[in-house]
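Chains, contacts and geometry: an overview
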Amino acid sequence: MTPEPQSTTGTHDLTPGPPPGCPAHGRGPGGLQRLYGPGAEDLGRLYEQLREEHGPVAPVLLHDDVPMWVVLGHAENLHLVRTPSQFTRDSRVWTPLAEGMVRPDHPLMPHIAWQPICSHAEGEEHKRLRGAVKAAMATIDHRSLRRYIYRATQRLVNDFCEDGHADLVGQFSEHLPMAVMCQVLGMPEEYDDRLVHAARDALKGTETALASHAHVMDALSRLTARRRARPADDFTSHLVTDPAGLTDDEVREHLRLVLFAAYEATVNLLSNVLRRVIVDPRFYARLNGGQMTVPEAVEQSLWDEPPFSTILGYFAKQDTELGGQRIRRGDGLLFAPAPGNVDPRIRPDRSASMRGNRSHLAFGGGPHECPGQDIGRAIADVGVDALLTRLPDVQLAVAESDLRWTTSIASRHLVALPVHFAPKPQQEVAFGPTLGALPGQRSSGPTTPVLPSGPPLAEPVAGPAGAGVPQEAGSAPFTAPEPAARPNAWQRFLTWWRGH
């Protein structure tokens, strides 16, 4: 165990000038490191510098030089999320917010601002809201879900398999999770194509992101009202009818939380796993040779490249100590899976396989641990396996150095993954095979896994215009909403989220 450097410095105790021996580049008041702007382009490298300088908990500055702590140690991150008596996700106790340091249009405000959802609640209210979400999650038939993921994957691959080339981010990773989540939530088919496009647009921070977000929320409101009147056997219906008695506003906000969080996280997970398999020949060989299964590859990716780099945020309910630092009541802290997963105290050799080890921080922990992590794993496991089985000769179409990411405090998003392969024929997947078992580990040849029998599910939602599954007859094509007259905090947050 490496001795922890001791410090009694709090985020309120700012001393002039940068620490001795440290460049002022990227520094703010008191010499604290900014997590934005010049000097913060490579956050992975920056976190290691902060670890060396401060230990497992480091003082930093967010946008507008708002003070925060970033938790870099694995054990310290676990203590943060598992100790609700000391730390809360209710930002109303955050001192900079209470003292007016955080302006209403701060780019992180839509994410930090308290909302009446389970991820911000505590005590009995948290138990009521999260209990309803978990109970609704528990009703999902994972056998049927995996069949649906497989079929949705086949339809997306059918859309580009004859071309011999594709962008696996834009044509696959950004569509499969939303198709699956629309099915899980119980979206009526007339909403599928329009909702997928609007949600993608909202998360990309484009000129129409604000209007697209409103479109998604309007669709979720209609879905809530529809399921309130006529419950079915889906996540939304079980949330609406839960004995906890969620209001329509509470149902809609939790649908938004599940939809957007699951989408962004799983897009990043899919992209990361596919890039690793395609770019790293040793990784690919271990899959082909049977030394590693796709689920094991997914877990390795969750260690090395968690879908969310940090989670904003946690807040101290009392004066305490964490990682040798004095944390004052009202201080804010960033839960940080990315640096926590590479803490040298638990991973002295980062190149070593983490096979069989699920103690990574990718899905959080404690009372607010991600309740839908099994859905994300299933999408990645089945989707990657099915795609690589269809395209066993897939190769990167550009130099690895040409790959680009958009980076923010919260995540690192692969922009595109251009690949090429020998053109393949389309595969009929309208009803799917009727016998056999779900695909487990990839074989070395282009065989097609067969699926368990069962009633056919609703068809997968469409991808981009002209891709995936055609729209339902009679439904209107999606048209991006007109740009908002002037951007507000949500749109600025989305622009920052995507790293633009």
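Placed above this text is the structure.
Residues numbered from 1 in each chain as written. Predicted model: local features only at pLDDT ≥ 70, side-chain atom pairs only at ≥ 80, totals over all residues. Heavy atoms only, no water.

Looking at the pattern of salt bridges
Rule in force here: Any Lys or Arg side-chain nitrogen found within 4 Å of a carboxyl oxygen on Asp or Glu counts as a salt bridge. Each residue gets one of three labels from its accessible area relative to the maximum for its type: buried under 20%, exposed over 50%, partly exposed in between, using a 1.4 Å probe on protein chains only. The way it works is that DSSP assigns letters per residue, a run of H or I at least four long becomes a helix, a run of E at least two long becomes a strand, and they are numbered from the N terminus.
The full count for this structure, using the stated rule, is 26 salt bridges. Its salt-bridge partner being Arg 92, residue Asp 90 comes within 2.8 Å of it at the nearest N-O pair. Judged by relative accessible area, Asp 90 falls into the buried class, the value being 11%. Where Arg 276 meets Asp 304, a salt bridge forms, and the shortest distance between an N and an O atom there is 2.9 Å. On the criterion of sequence distance, the pair formed by Arg 276 in helix H12 (residues 248–279) and Asp 304 in helix H14 (residues 294–304) is long-range, its members being 28 residues apart. One connected set of salt bridges, linked through shared partners, spans Arg 276, Asp 280, Asp 304 and Arg 347.

Comments concerning the nonpolar core
Quick note on the threshold: Definition of nonpolar core: a set of buried residues of the types Ala, Val, Leu, Ile, Met, Phe, Trp, Tyr and Cys, connected through side-chain atoms within 4.5 Å.
The biggest cluster of nonpolar side chains holds 83 residues, and the ones touching the most others in it are Leu 168, Phe 172, Leu 176, Phe 235, Leu 239, Leu 387 and Leu 417. Residues Ala 58, Val 60, Trp 94 and Ala 336 belong to the second largest nonpolar core, which totals 23 residues.

Describing helix H8 (residues 176–185)
Most of H8 sits inside the fold, with 9 of its 10 residues counted as buried. Leu 176, Pro 177, Met 178, Ala 179, Val 180, Met 181, Cys 182, Val 184 and Leu 185 are the residues of H8 that are buried. With its phi angle positive at about 85°, Gly 186 sits one or two positions after the end of H8.

Regarding the packing of aromatic side chains
Let me state the cut-off plainly: Stacked, tilted and edge-to-face pairs are distinguished by plane angle, under 30 degrees for stacked and over 60 for edge-to-face with tilted covering the rest, among Phe, Tyr and Trp rings (Trp via its six-membered ring) whose centres lie within 6.5 Å. To sit over a ring, a charge needs its Lys NZ or Arg CZ within 6 Å of the ring centre and within 35 degrees of the ring normal.
Counted under the stated rule, the structure contains 3 aromatic pairs. Note on Tyr 314 and Phe 335: the rings are 6.4 Å apart at their centroids and 65° apart in plane angle, and the pair reads as edge-to-face. Within this pair, whereas Tyr 314 is found in strand E6 (residues 311–316), its partner Phe 335 is found in strand E9 (residues 332–335), the two being separated by 21 residues in sequence. Per residue, the accessibility class of Tyr 314 equals that of Phe 335, and both read buried. For the cation-ring pair, Arg 89 lies above Tyr 314, with the distance from its terminal atom to the ring centre recorded as 5.4 Å.

A few points about helix H13 (residues 281–289)
Threshold: The arc in question is traced by the directions running from the helix axis to the C-beta atoms.
All of the buried residues along H13 are Phe 283, Tyr 284 and Leu 287. In an axial view of H13, the angular spread of the buried residues amounts to 95°, which keeps them on one side of the axis. Among the exposed residues of H13, those oriented more than 90 degrees off its buried face are Pro 281 and Arg 282. Of the residues one or two after H13, Gly 290 is the one with positive phi, at around 90°.

Description of the pairing of E6
We apply this condition: When DSSP finds at least two bridges between two strands, those strands are taken to pair.
Most of E6 is tucked away, with 5 of its 6 residues classed as buried. Of the pairings in the sheet, the one linking strand E4 (residues 87–88) to E6 comprises 2 bridges and is antiparallel in character. Residue pairing across strands places Phe 87 opposite Ala 316, the latter belonging to E6. Both E6 and E9 contribute to a ladder of 3 bridges, which runs antiparallel. Residue pairing for E9: Tyr 314 is matched across the bridge by Leu 333.

So, the side chain of Thr 88
Applicable threshold: Polar contacts, as counted here, are pairs of nitrogen or oxygen atoms within 3.5 Å of one another; within protein the pair requires one atom able to donate a hydrogen and one able to accept it, and residues that are adjacent in sequence qualify only if both atoms are side-chain atoms. Contacts: residue pairs with any heavy atoms within 4.5 Å of one another.
Structurally, the position occupied by Thr 88 is in strand E4. On the basis of relative accessible area, Thr 88 is assigned to the buried category, the value being 2%. A distance of 3.0 Å separates a polar side-chain atom of Thr 88 from the backbone nitrogen of Asp 90. When near neighbours in sequence (up to four residues on either side) are disregarded, Thr 88 contacts Val 93, Glu 122, Gly 313, Tyr 314, Phe 315 and Lys 317.

Details of the packing of helix H6 (residues 142–158) against helix H16 (residues 373–390)
Worth spelling out the cut-off: To obtain an axis, a line is fitted to C-alpha atoms, over the contacting stretch when the element is a helix, and the angle between two such axes runs from 0 to 180 degrees between their N-to-C directions. An angle below 35 degrees is treated as roughly parallel, one above 145 as roughly antiparallel, one from 65 to 115 as roughly perpendicular, and anything else as oblique. It is the rotation of the near helix from the far one that decides the hand of a crossing: anticlockwise by less than a right angle makes it left-handed, clockwise makes it right-handed. Each residue gets one of three labels, nonpolar for Ala, Val, Leu, Ile, Met, Phe, Trp, Tyr, Cys and Pro, charged for Asp, Glu, Lys and Arg, and polar for the others, Gly among them.
Relative orientation of the contacting elements H6 and H16 amounts to 40°, with a least axis distance of 9 Å. By the angle between their axes, H6 is oblique relative to H16. For the pair H6 and H16, the sense of crossing is right-handed. Between H6, through His 142, Leu 145, Arg 146, Ile 149, Tyr 150, Thr 153, Gln 154, Val 157 and Asn 158, and H16, the contact on the second element is made entirely by Asp 374, Ile 375, Ala 378, Ile 379, Asp 381, Val 382, Gly 383, Ala 386, Leu 387 and Arg 390. In terms of residue class, the contact of H6 with H16 is made up of 10 nonpolar, 5 polar and 4 charged.

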